[in-house]
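Coordinate analysis (summary)
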Amino acid sequence: MTTSSHTVERGLAISQDDVRPLFADYELGRYCADWSMPKEGARAIEAEAAFALLQRPSAVTFYATRGSRIVGFLTGQKSAWDTDFWGIPYASVDQLHAIGETEAEREEIHVSLLEAFDGWLATEGMRFANARVHILDLAQVHALERRGYRYIETTLTNCLDVRKERFSLPEGYVIRAPKEGETALLVGMTKDAFVTHRFYADPGFPRKKVDEMYERWVESSLTSPAWTTIVLDKDGDAKGFFIYKIEDLREHIGLRITKWRMGVLGGDDHAK
């Protein structure tokens, strides 16, 4: 696909050096938007994360080029888990990114990339596709609107600087590892915890099936070796749990970051 200013191609062979210039002035994302983070290091994190997405064997990637220069990309994939669970061919746009001198130019690049991706969706018989983009990137938002994508939810990213804050547990509460056979109890604490999330907000997904999906998601998170679970205990009973992992980003921003998967309080301990 060719426009007056750029060409869209699928599956170019690229290096990290091709990706870094796309984030040279980047101001969005978890790290770049945080004023406390060194900007150069934050942009390096974004560029490396994008390159990792582009290199996945399962990735379906389209590049926008101007001459020999990459000015944008879209990378997505078919979700095998969602396709199997929902019973429909299901795909995701995992990152959409473009650079340009104006927002209108960036929007047109995004539209071209989405057109190419939509062509792939049609060829592969996909029946559902979702995209997650930064709400402040209006060029992305408007491009998705032009291609018929529907707004479902806004996700907020909260953070806490534990270099400045210290906390202690109320009397009688302790933190421990999960006990064997405790998974079902912990999953049960999450009942109705996700009712504001996107699958509940989308009327195309049956409510009972969504309930089941979140139960499976919580259970897989609790048992995944990629995440760590800690349990809030009082008098031998689980009162809540927290799922997290630590990423070592000291090379770029001098910090280790704890990423929260979910934090849950059960029953009588809500709001405490």
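Because the structure is a prediction, the values reported are computed rather than measured.

With that out of the way, let us pick up the pattern of salt bridges. Under the criterion given, the structure shown has 22 salt bridges. A salt bridge links Lys-39 to Glu-27, with the nearest nitrogen and oxygen atoms 3.0 Å apart. Pair noted here: Lys-39 is in helix 3 (residues 39-54) and Glu-27 is in the loop between helix 1 (16-19) and helix 2 (29-32), with a separation of 12 residues, a long-range link. By relative accessible area, which is 28% here, Lys-39 ends up partly exposed. One salt bridge in this structure joins Arg-146 and Glu-107, with 2.9 Å as the shortest N-O distance. With Arg-146 in helix 6 (residues 138-146) and Glu-107 in helix 5 (residues 103-124), this pair connects stretches of sequence that are 39 residues apart. Here Glu-107 falls in the buried class, since its relative accessible area comes to 16%.

Along the chain, the position of Ile-246 falls in strand 8 (residues 237-249). Take Ile-246: its relative accessible area is 46%, and that puts it in the partly exposed class. For the pair Ile-246 and Thr-228, spaced 18 residues apart in sequence, the C-alpha to C-alpha distance is 8.9 Å.

Here is what the cut-offs are and how they apply
Residues numbered from 1 in each chain as written. Predicted model: local features only at pLDDT ≥ 70, side-chain atom pairs only at ≥ 80, totals over all residues. Heavy atoms only, no water. Salt bridge = Lys/Arg side-chain N within 4 Å of Asp/Glu carboxyl O. Helix = DSSP H or I, 4+ residues; strand = E, 2+ residues; numbered from the N terminus. Buried < 20%, exposed > 50% of the residue type's maximum accessible area, 1.4 Å probe, protein only.

In short, geometric facts, not functional conclusions.
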